[in-house]
Amino acid sequence: MATLPDLLTVAKLAPFLMEPLQRTFAVHERLHDGDAAAFARVAPSIRAICGSGESKVSAELIAKLPALEIISIMGVGYDGVDVAAAKARGVVVTHTPDVLNDDVADLALALMLSIARRLPQADQYVRQGKWPGGPMPLARKMSGARLGIVGMGRIGQAIAQRALAFGMPVAYTARSAKADLPYAFHATPRELAAASDFLVVITPGGAATRKLIDAEVLRALGPDGYLVNVARGSVVDEAALITALQQRTIAGAALDVFENEPNVPEALRALDNVVLVPHIGSATTQTRHAMAARAFANLEAHFAGQPLPSAVPECR
Ligand code: 8YV
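### Considering the packing of helix α5 (residues 101–117) against helix α7 (residues 154–164)
Running from N to C, α5 and α7 cross one another at 50 degrees; their axes reach a closest spacing of 8 Å. With respect to each other, α5 and α7 are oriented oblique. Handedness of the α5/α7 crossing: right-handed. Along the contact surface, α5 presents N101, D102, V104, A105, D106, A108 and L109, while α7 presents R154, I155, A158, I159 and R162. A per-class count over the contact of α5 with α7 returns seven nonpolar, one polar and four charged.

Listed below in structure tokens is the structure:
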């Protein structure tokens, strides 16, 4: 029997991804994080890495794996992977775009509605028996409000499409204006924030976007503006955001991602003008199965010598 190629997992992967992996590879589960001696024994033969969107694959780890050929990420974001180090070694990186666009866009709209209409508070109002004592304070209308999208890639466009159904004028900022899109372009997040009631962040993470949403952008968003982040925690200056929320220099924030997940600062959790969810942008059964299938398909194609379904742009 031919020996199965060695594969290292760098995240706790869902059973529906582990199952096909275990049929096809000799899987070493997060060995790099555990038994150093056992890792040193298998490291020379590891040919593949599989991880999630939050996984860290550093230059240091890549350097320890001389036989590495492919890093397959189950996620659209791969900011934890040192792609330059992988490329320098001829290692290809793949991800799972497109299949999660609907879910992340759905969640962005859900968060916008939740923060504006105070849905978590409304639910609590009923559960805690406050309703007989009188109605809830009035909330904020979302339909027709101005939406600014930071990052106009595939998910940004899916968010824009949904917002149009709410009669929201859409504007965006991105590295460059996209001539084929009918939305207003602003050169900087600050200019966009000044022209928005809801500022939704859906740009890739990584060094290029670190703390892109800073105190100045939040000031421009203003006391009636809401921030929604469905991208990466690193894109927002979390300390500046907490200050803005505490001082009400913005109206509120709805966040799916945080700087130091899964740890969310107590100062943020103590606030009433936030909606906080635990990185669930793509977390539906349907989408996670599609992502797992794509992550596996990338590995399968690589080892069959076939074209990769979705290499990251830098590796195409
Ligand atoms: C998941 C994500 O959290 O796709 C991404 O970039 O952040 C998410 O969909 C995760 O990567 C699922 O494995």
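### Brief notes about the site of the ligand
By nearness alone, 13 residues border the ligand, and G53, E54, M74, R232 and S282 come closest of all. Here an oxygen atom of the ligand sits 2.6 Å away from a polar atom, N or O, in the side chain of E54. One of the backbone N or O atoms of V76 is found 2.7 Å from an oxygen atom in the ligand. Burial of the ligand by the surrounding chains reaches 91%, relative to a free accessible area of 330 Å².

### A word on the sheet that holds strand β8 (residues 184–185)
What links the strands of a sheet is backbone hydrogen bonding, and the strands pair in either a parallel or an antiparallel sense. One open sheet accounts for seven strands, arranged β8-β7-β6-β9-β10-β11-β12; its pairing is parallel. Two strands lie at the open edges of the sheet, namely β8 and β12 (274–276), each paired on one side alone. Across four bridges, the pairing between strand β9 (residues 198–201) and strand β10 (residues 226–229) is parallel. Bridging across to β10, V200 finds its partner in V228.

### Some details on the sheet that holds strand β3 (residues 46–52)
Sheet architecture is open: five strands sit in the order β2-β1-β3-β4-β5, paired in parallel fashion. Each of the sheet's edge strands pairs with one partner strand only, and the pair in question is β2 (26–29) and β5 (92–94). Between one strand and the next, the sheet's axes are offset by a mean angle of 20 degrees, whatever the strand orientation. As paired strands, β3 and strand β4 (residues 70–74) are joined by five bridges and run parallel to one another. The residue bridging I49 from the neighbouring strand is I71, located in β4. Contacting β1 (6–9), β2, β3 and β4, helix α1 (residues 15–24) crosses the sheet at an angle of about 135 degrees to β2.

### Looking at the pairing of strand β6 (residues 147–150)
Side chains L147 and I149 project from β6 onto one buried face, and the interleaved G148 and V150 project onto a second face that is buried too. Where β6 and β9 come together, four bridges link them in parallel fashion. Opposite L147, over in β9, you have F198 as the bridge partner.

### Topic: α5
Here α5 contains 17 residues, and its C-alpha end-to-end distance of 24 Å stays within 8% of the 24 Å for a straight helix at 1.5 Å per residue. Most of α5 is tucked away: twelve of the 17 residues are buried. Buried within α5 we find N101, D103, V104, A105, L107, A108, L109, L111, M112, S114, I115 and A116. Just downstream of α5 lies R118, where phi reads positive at about 55 degrees.

### Quick notes on the pattern of salt bridges
Inspection of every chain in the model, using the stated rule, returns 14 salt bridges. Linking D197 and R140 is a salt bridge whose minimum nitrogen-to-oxygen distance equals 3.7 Å. On the criterion of sequence distance, the pair formed by D197 in the loop between α8 (189–194) and β9 and R140 in the loop between α6 (119–127) and β6 is long-range, its members being 57 residues apart. When its relative accessible area of 14% is taken as the criterion, D197 is described as buried.

### As for the packing of aromatic side chains
Scanning the entire structure with this criterion turns up three aromatic pairs. Relative to Y226, the ring of F198 has its centre 5.2 Å away and its plane inclined at 20 degrees; by these criteria the two rings are stacked. In this pair, F198 sits in strand β9 while Y226 sits in strand β10, placing the two residues 28 residues apart along the sequence.

Parameters and conventions
- Residues numbered from 1 in each chain as written.
- Predicted model: local features only at pLDDT ≥ 70, side-chain atom pairs only at ≥ 80, totals over all residues.
- Heavy atoms only, no water.
- Axes fitted to C-alpha atoms, helices over the stretch in contact; angles between N-to-C directions.
- Helix = DSSP H or I, 4+ residues; strand = E, 2+ residues; numbered from the N terminus.
- Parallel < 35°, antiparallel > 145°, perpendicular 65-115°, else oblique.
- Left-handed = near helix turned anticlockwise from the far one by under 90°.
- Contact = heavy atoms within 4.5 Å.
- Nonpolar A, V, L, I, M, F, W, Y, C, P; charged D, E, K, R; others polar.
- Near = heavy atom within 4 Å.
- Polar contact = N/O pair within 3.5 Å; in protein donor to acceptor, adjacent residues only side chain to side chain.
- Areas by Shrake-Rupley, 256 points an atom, 1.4 Å probe, with all protein chains shown as cover.
- Pairing = 2+ DSSP bridges.
- Buried < 20%, exposed > 50% of the residue type's maximum accessible area, 1.4 Å probe, protein only.
- Expected span 1.5 Å × (residues − 1).
- Salt bridge = Lys/Arg side-chain N within 4 Å of Asp/Glu carboxyl O.
- Phe/Tyr/Trp six-rings, centres within 6.5 Å; stacked < 30°, edge-to-face > 60°.

No statement about biological role is implied by the geometric values presented.
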